[in-house]
Amino acid sequence: MANVIRLRKGLDIHLQGKAEETKMNLKSNGHYALVPDDFEGVVPKVVVREGDVVRAGDALFVNKLYPEVRFASPVSGKVTAVERGERRKVLCVKVEADAEQQYVDFGKKDVTKMDGKAVVDALLEAGLFGYINQLPYAISTNPSVMPKAIFVSALRDKPLAGSFEFEVKGQVADFQTGLIALSKIAKTYVGFGENSSLLSELSTFDNLEYNVFKGKCPAGNVGVQVNNIDPVNKGEVVWTIGDPTVVLFIGRLLNTGKVNLTRTVALCGSEVKKPCYVDMLVGEELSTLLSNSYDADHSVRIINGNVLTGTISSKDGFLGAHSSEITVIPEGDDNNEMLGWIMPRFGQFSVNRSYFSWLFGKKEYALDARVKGGERHMIMSGEYDKVLPMDIYGEYLIKAIIAGDIDKMEQLGIYEVSPEDFALAEFVDSSKLELQRIVREGLNNLRKENA
């Protein structure tokens, strides 16, 4: 029996272009790349050279801070490039895939007979451990520090988010195996939505607790779930998996002995001709997926991930390690509105009912990427608190981060938050501040201070 947790704060943004529950067959062009920036807090050390031949599951780079944390190649093939940027920063490691895939065999394992150390060792060996994050700091976690608990969110509720219930069809056994494996390490809490059909297909086990979250976005944020179940205090560590596909990666590894980084991705957005789902490997090039998906004459923004938290990409980009959506929306730089903001605007979204569109009830909007205003002084208006279902003072915390006041940051709960928790606050913010960037900089500064 699952516990039910009700959240009263939040905001659902209904956008046009949600993926229909049909799958498109996609033939890859064979170009893949693993991007270290997809793993927050990792300092990469490349362990392959251009021209090396790798198998799926072989390490491409390791975390220099914790060399035992490896990052596996999604495919077998030839390493074609190690791209670097300024100050020799590793941008990505590219692999040209073989026609016939070869896998490292790590051996099938009976998860019910494993202990926590055996699970961690298996994930480290296969290059999957780096997909697990932690609070505080919202970074890829340290395997030598055991958590007080593990939190998994199987609820995707951001705008245009891909359905995990659709993705997990036919893979429930792998998902169950992954959850059992995590529960061997520490008490594991799994969050579901109130309409989730997956919950009834899962069995209960010791050290595994299911919770149902009733409320608006961002109820699916793993940080929100942590805050409402077992908040993080200074000196404590919890491991978090906000991307439930990672649990599938773990389950497949233990059930088959092979690394399989296939994920079901939603191709969505108001500019997409036929929004649908497609199976892709982590690091797969996006050019094949996006070649005829939208009108090339339109000025569009391609987002690797969700509209609120994703990164700007292009056709030449690669599927992010944690991206469950590829979103295409209008850029908005070719819009010329007569009289601008003074028009009544019946077709645009407003949180505070500045436009008449709220009179039409629940409808879907085709929003573009414009900020619609410049950065200005921060006003203590309570905007953040309305969309942040956490027991913290969001506006005061942001001010403390901007001021660099570490004591205040700690008192106001910075150890409990991640940048994505402020994504909705950034959307509604009348001051147009880049809140996610500010929170990330604050977490990085705090981590350096406490190192």
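Up top you'll find the structure we're talking about.
About the criteria used
Every residue gets a number counted from 1 within its own chain, in the order that chain's sequence is written. Confidence filtering applies because this is a predicted model: local features only for residues at pLDDT of at least 70, side-chain atom pairs given and counted only at 80 or more, and all residues used for totals across whole chains, interfaces and linings. Derived side-chain values reflect all non-hydrogen atoms in the structure, with water molecules and hydrogen atoms excluded from consideration. A fitted line through C-alpha atoms represents every axis, and for helices the fit uses only the stretch in contact; the resulting angles, taken between N-to-C directions, go from 0 to 180 degrees. Secondary structure is summarised from DSSP: a helix means a run of H or I of at least four residues, a strand means a run of E of at least two, and numbering begins at the N terminus for each. For classification purposes, angles smaller than 35 degrees are called roughly parallel, those larger than 145 roughly antiparallel, those between 65 and 115 roughly perpendicular, and all remaining angles oblique. The contact criterion used is simple: two residues touch if any of their non-hydrogen atoms lie within 4.5 Å. Asp, Glu, Lys and Arg are counted as charged, while Ala, Val, Leu, Ile, Met, Phe, Trp, Tyr, Cys and Pro are counted as nonpolar; the rest, among them Gly, fall into the polar class. By definition here, a salt bridge exists when the distance from a side-chain nitrogen of Lys or Arg to a carboxyl oxygen of Asp or Glu is within 4 Å. Burial here depends on accessible area, computed with a 1.4 Å probe over protein chains only, as a share of the maximum for the residue type. Under 20% is buried, over 50% is exposed, and the range in between is partly exposed. For the purposes of this section, nonpolar cores are sets of buried Ala, Val, Leu, Ile, Met, Phe, Trp, Tyr and Cys residues that join through side-chain atoms within 4.5 Å. Strands are labelled as partners when DSSP assigns at least two bridges between them. In protein, a polar contact means a hydrogen-donor-capable atom and an acceptor-capable atom, both N or O and within 3.5 Å, with residues adjacent in sequence counting only if both atoms are side-chain atoms; elsewhere, any N or O pair within 3.5 Å suffices. In what follows, a disulfide is any cysteine sulfur pair within 2.5 Å. Ring pairs are drawn from Phe, Tyr and Trp, using the six-membered ring of Trp, whenever the two centres fall within 6.5 Å, and their geometry is named by plane angle: stacked under 30 degrees, edge-to-face over 60, tilted for the rest. Candidate patch residues must exceed 30% relative accessible area and have no salt bridge, after which like charges are joined if within 9 Å and Val, Leu, Ile, Met, Phe, Trp or Tyr side chains if within 5 Å. Only the protein chains shown count as cover for residues, with accessible areas throughout obtained via the Shrake-Rupley method and a probe of 1.4 Å.

Visitor: What should I look at first to understand the packing of helix α3 (residues 172-185) against helix α5 (residues 245-256) in this one?
Guide: When two helices pack together, their arrangement is captured by the angle between the axes and the distance separating the axes. Packing of α3 against α5 brings their axes to within 7 Å, and their N-to-C directions diverge by 95 degrees. Judged by the angle between their axes, α3 and α5 are roughly perpendicular. Taking contact as the criterion, the partners of A173, D174, F175, T177, G178, L179, A181 and L182 in α3 are, on α5, V247, L248, I250, G251, R252, L254 and N255. When its residues are assigned to classes, the contact of α3 with α5 shows nine nonpolar, four polar and two charged.

Visitor: I would appreciate a short explanation of the pattern of salt bridges in the present structure.
Guide: Note on pairing: side chains with opposite charge can pair once their charged atoms come close. Taken as a whole and assessed by the stated rule, the structure comprises 19 salt bridges. Ionic pairing is found between D230 and K148, a salt bridge with its closest N-O pair at 3.1 Å. With D230 in the loop between α4 (222-229) and β15 (238-241) and K148 in the loop between β11 (139-140) and β12 (149-153), the pair connects residues that are 82 residues apart, well separated along the chain. Under the relative-accessibility criterion, K148 is labelled partly exposed at 31%. For E167, the salt bridge is made with R156, and the minimal N-O distance between the two is 3.2 Å. Taken together, the positions of E167 in helix α2 (residues 164-167) and R156 in the loop between β12 and α2 put the pair eleven residues apart, joining distant regions of the chain.

Visitor: In this structure, what is going on with unusual backbone geometry? I would like to understand it.
Guide: With an omega of 5 degrees, the peptide bond between L135 and P136 qualifies as cis. Summarising the element assignment, P136 is placed in the loop between β10 (133-135) and β11. In the segment running from C217 into P218, the intervening peptide bond is cis, with an omega of 15 degrees. With respect to the helices, strands and loops of the structure, P218 is situated in the loop between β14 (208-214) and α4.

Visitor: Please explain the nonpolar core as it appears in this structure.
Guide: A general tendency of soluble globular proteins is for nonpolar side chains to be buried together. In this structure, L128, Y131, F175 and L179 are the most contacted members of the largest nonpolar core, which totals 65 residues. Once you skip the residues sitting within four places of it in the chain, F175 turns out to touch A154, F164, V168, L198, L202, P244, V247 and L248. In terms of nonpolar packing, the next biggest core, distinct from the first, is built from 53 residues, L15, L155, L308 and V439 among them.

Visitor: I would appreciate a short explanation of the sheet that holds strand β2 (residues 23-24) in the present structure.
Guide: Hydrogen bonds between backbone atoms are what pair the strands of a sheet, whose relative direction is either parallel or antiparallel. Spatially, β2-β17-β16-β20-β18-β19 is the arrangement adopted by the six strands of the open sheet, whose pairing is mixed. Two strands bound the open sheet, and with one partner strand each, they are β2 and β19 (311-313). Pairing analysis gives three bridges linking strand β18 (residues 300-304) to β19, with the strands arranged antiparallel. Bridge pairing in β19 links I302 to S313.

Visitor: I keep staring at α4 and nothing clicks. Help me out?
Guide: Owing to its 3.6 residues per turn, the α-helix brings residues three or four apart onto one side. With six of eight residues buried, α4 lies mostly within the body of the structure. Taken together, the buried positions of α4 are V222, G223, V224, Q225, V226 and N227. Those residues of α4 that are buried lie in contact with β10, β12, β13 (188-193), β14 and β15.

Visitor: Even after reading the chapter, I still don't get the environment of Q436, so can you show me in this structure?
Guide: Mapped onto the elements, Q436 comes out in helix α11 (residues 435-450). Sequence-distant contacts of Q436, defined by excluding residues within four places in its chain, comprise L308, T309, P419, E420, F422, A423 and E426. Engagement of the side chain of Q436 in a polar contact is seen with the backbone oxygen of L308, the distance being 2.9 Å.

Visitor: Help me understand the state of the cysteines, please; the structure alone is not making it clear to me.
Guide: Chemically, a disulfide is nothing more than a covalent bond linking the sulfur atoms of two cysteines. Inspection of every chain in the model, using the stated rule, returns zero disulfides. With no disulfide partner, C276 has as its closest neighbouring cysteine sulfur the one in C268, 9.9 Å distant. In this structure C276 comes out as buried when scored by relative accessible area, which is 8%.

Visitor: Just to check I follow, could you spell out the sheet that holds strand β6 (residues 59-63) for this structure?
Guide: Across the sheet, three strands lie side by side as β4-β6-β7; this open sheet has antiparallel pairing. Either end of the sheet is taken by a strand with one partner, and the two such strands are β4 (44-46) and β7 (66-72). In this sheet, neighbouring strand axes are inclined to one another by 35 degrees on average, regardless of whether the strands run parallel or antiparallel. Two strands pair when backbone bridges link them, and β6 and β7 are joined in this way by four bridges, in the antiparallel orientation. Of the residues in β7, the one forming a bridge with V62 is R70.

Visitor: It is not clear to me how the packing of aromatic side chains should be interpreted in this structure. Could you clarify?
Guide: Each aromatic ring pair is characterised by the separation of its centres together with the angle its planes make. Counted under the stated rule, the structure contains 13 aromatic pairs. Ring centres of F61 and F71 lie 4.9 Å apart, and the angle between their planes is 25 degrees; on these two criteria the pair is classed as stacked. Highlighted residues: F61 in strand β6 and F71 in strand β7, separated in sequence by ten residues. Per residue, the accessibility class of F61 equals that of F71, and both read buried. Centre to centre, the rings of Y393 and Y396 are 6.0 Å apart; their planes meet at 85 degrees, and the pair counts as edge-to-face. Through a chain of ring-to-ring contacts, the aromatic side chains of F39, F61, F71, Y131 and F249 assemble into a single cluster.

Visitor: Teacher, can you tell me more about a nonpolar patch on the surface here?
Guide: A contiguous nonpolar surface patch, about 350 Å² in accessible area, is contributed by M380, Y393 and Y396. Along the chain, the position of M380 falls in the loop between β20 (325-330) and α7 (383-387). Relative accessible area serves as the criterion here: at 34%, M380 is assigned to the partly exposed category.

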